[in-house]
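Okay, here's what each chain looks like letter by letter:
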Amino acid sequence: DNMLNGNLKLALQKNGRLTEKSLNLLKSCDIDIEEYSARLIVTARNYNLDILLLRDDDIPEYVMDGVADIGIVGEDVLYEKKANVDVVRKLGYGKCKLSLAIPESQTLEDLSELNGKRIATSFPNILKSYLTQNNINATVVEISGSVEIAPSLGVADYICDLVSTGNTLKFNKLKKSFDIFSSQAVLIANKNIENDPDKKSQLDNLLVRIDSALTARKSKYLMMNAPKNSLEKIESIIPSLKSPTILPLADPEMVAVHAVIPTSKFWEIYKDLKEAGASGILLLPIENMIV
Ligand code: ATP
Ligand code: MG
């Protein structure tokens, strides 16, 4: 009966690198998920959303077939599975790179040196399209796990795999040569949602919350006190979209300055702010932000 309640159905990775971050994103959307450990489907407590917990490999196809309306999956898996779905949002987490690695003792100066080589990977489709785009004629050896042992087994010359720390490569006497594909988590949707007004409006409502949560993550609320006579200087330092809010203080010579700034900018400007006379500088997280 769960499947017929009219709720939007979201496919999430059951247990893996994207699970916690995806649940956190829902939490920042004020969507409460009950304990899910052993179950395949859970319903949000305070939102019309059913969550299907699946192996990430299955998510693109389930969304394409409409078993789930939407899903969260890495671009690596999405493009490897070649599923015909809409990419609705890039989510900014789960970032990783698919890279080419070669034996430590070797060098690779030019792409053309890949011609005639055997490359082991669990992403044969992504690798093949990269090779085709670059006019390289190499043999793709498909392996489902532990790709990094392929060269020492003599099964392949090089590998193409997700590389995070490089420790696994080192252990197998390999080194990273260059990146082939950059991936992050994306929200995907079934193509037919566009033609289903009910599902479409459910998705649009969810997207308002997701966009607000994603925007809020990139921004912080900056507060400080400043002497009135340095206000112009301080305003010129603040990289705010809108002009900052200026509030009077008990001391008539001083004002409070509030602004929303990109999180990344704070560490570039706080010294300039202090030098310009700002004091009591506070940087606060923003939970939600509608722009
Ligand atoms: P499943 O059991 O669901 O099939 P899995 O073992 O195939 O899981 P994970 O290792 O959990 O998959 O990775 C899920 C996704 O996380 C990958 O497809 C990729 O998009 C992303 N990912 C991989 N490595 C990293 C990393 N080092 N940091 C962040 N994200 C990563
Ligand atoms: Mg998987």
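What counts and what doesn't
- Residues numbered from 1 in each chain as written.
- Chains lettered and ligands numbered in written order.
- Predicted model: local features only at pLDDT ≥ 70, side-chain atom pairs only at ≥ 80, totals over all residues.
- Heavy atoms only, no water.
- Near = heavy atom within 4 Å.
- Polar contact = N/O pair within 3.5 Å; in protein donor to acceptor, adjacent residues only side chain to side chain.
- Areas by Shrake-Rupley, 256 points an atom, 1.4 Å probe, with all protein chains shown as cover.
- Nonpolar A, V, L, I, M, F, W, Y, C, P; charged D, E, K, R; others polar.
- Domains from an automatic or database assignment.
- Core = buried A, V, L, I, M, F, W, Y, C linked by side-chain atoms within 4.5 Å.
- Buried < 20%, exposed > 50% of the residue type's maximum accessible area, 1.4 Å probe, protein only.
- Helix = DSSP H or I, 4+ residues; strand = E, 2+ residues; numbered from the N terminus.
- Contact = heavy atoms within 4.5 Å.
- Pairing = 2+ DSSP bridges.
- Axes fitted to C-alpha atoms, helices over the stretch in contact; angles between N-to-C directions.

Caption draft 1: Main features of the site of ligand 1. Near ligand 1 you find 16 residues, and of these Gln13, Arg17, Arg55, Asp56 and Asp57 are the closest. Interatomic distance of 2.8 Å between a side-chain N/O atom of Asp56 and an oxygen atom of ligand 1. Protein chains bury 75% of the 650 Å² of accessible surface belonging to ligand 1 in isolation. The residue inventory of the shell around ligand 1, partitioned by class, reads four nonpolar, six polar and six charged. Taken together, domain 1 (2–93 + 185–195) and domain 2 (96–183) each give at least three residues to the shell around ligand 1, which thus spans both.

Caption draft 2: Expanded view of the nonpolar core. Counting residues in each nonpolar core, the largest one holds 30 residues, and the members touching the most others are Leu10, Leu49, Ile70, Leu91 and Leu187. Residue assignment for this core shows that the elements contributing at least two residues are β1 (8–13), α1 (19–28), β3 (49–54), β4 (70–74), β11 (185–189) and α7 (197–218). Leave out the neighbours within four places in its chain, and Leu91 touches Leu25, Ile72, Gln184, Ala185, Val186, Leu187, Ile210 and Leu214. In terms of nonpolar packing, the next biggest core, distinct from the first, is built from 18 residues, Leu98, Leu100, Ala138 and Cys160 among them.

Caption draft 3: Region of the structure containing the sheet that holds strand β13 (residues 245–248). Spatially, the four strands line up as an open sheet ordered β13-β14-β12-β15, and their pairing is antiparallel. In this open sheet, the two strands that pair with only one neighbour each are β13 and β15 (279–285). Adjacent strand axes in the sheet meet at a mean angle of 20° when their direction is disregarded. Here nine bridges tie strand β12 (residues 219–227) to strand β14 (residues 254–262), and the two strands are oriented antiparallel to one another. Note that in β14 the partner of Met223 across the bridge is His258. The sheet strands contacting α7 are β12 and β14, and the helix crosses β12 at an angle near 45°.

Caption draft 4: Focus on the environment of Pro60. Examined against the element boundaries, Pro60 turns out to sit in helix α2 (residues 59–65). Residue classification places Pro60 among the buried residues on the basis of a relative accessible area of 0%. Taking the C-alpha atoms as reference points, Pro60 and Ala11, separated by 49 residues in sequence, lie 9.0 Å from one another. Discounting residues that sit within four places of it in the chain, Pro60 has contacts with Val73, Val77, Leu78, Lys81, Ala83, Val85 and Ile188.

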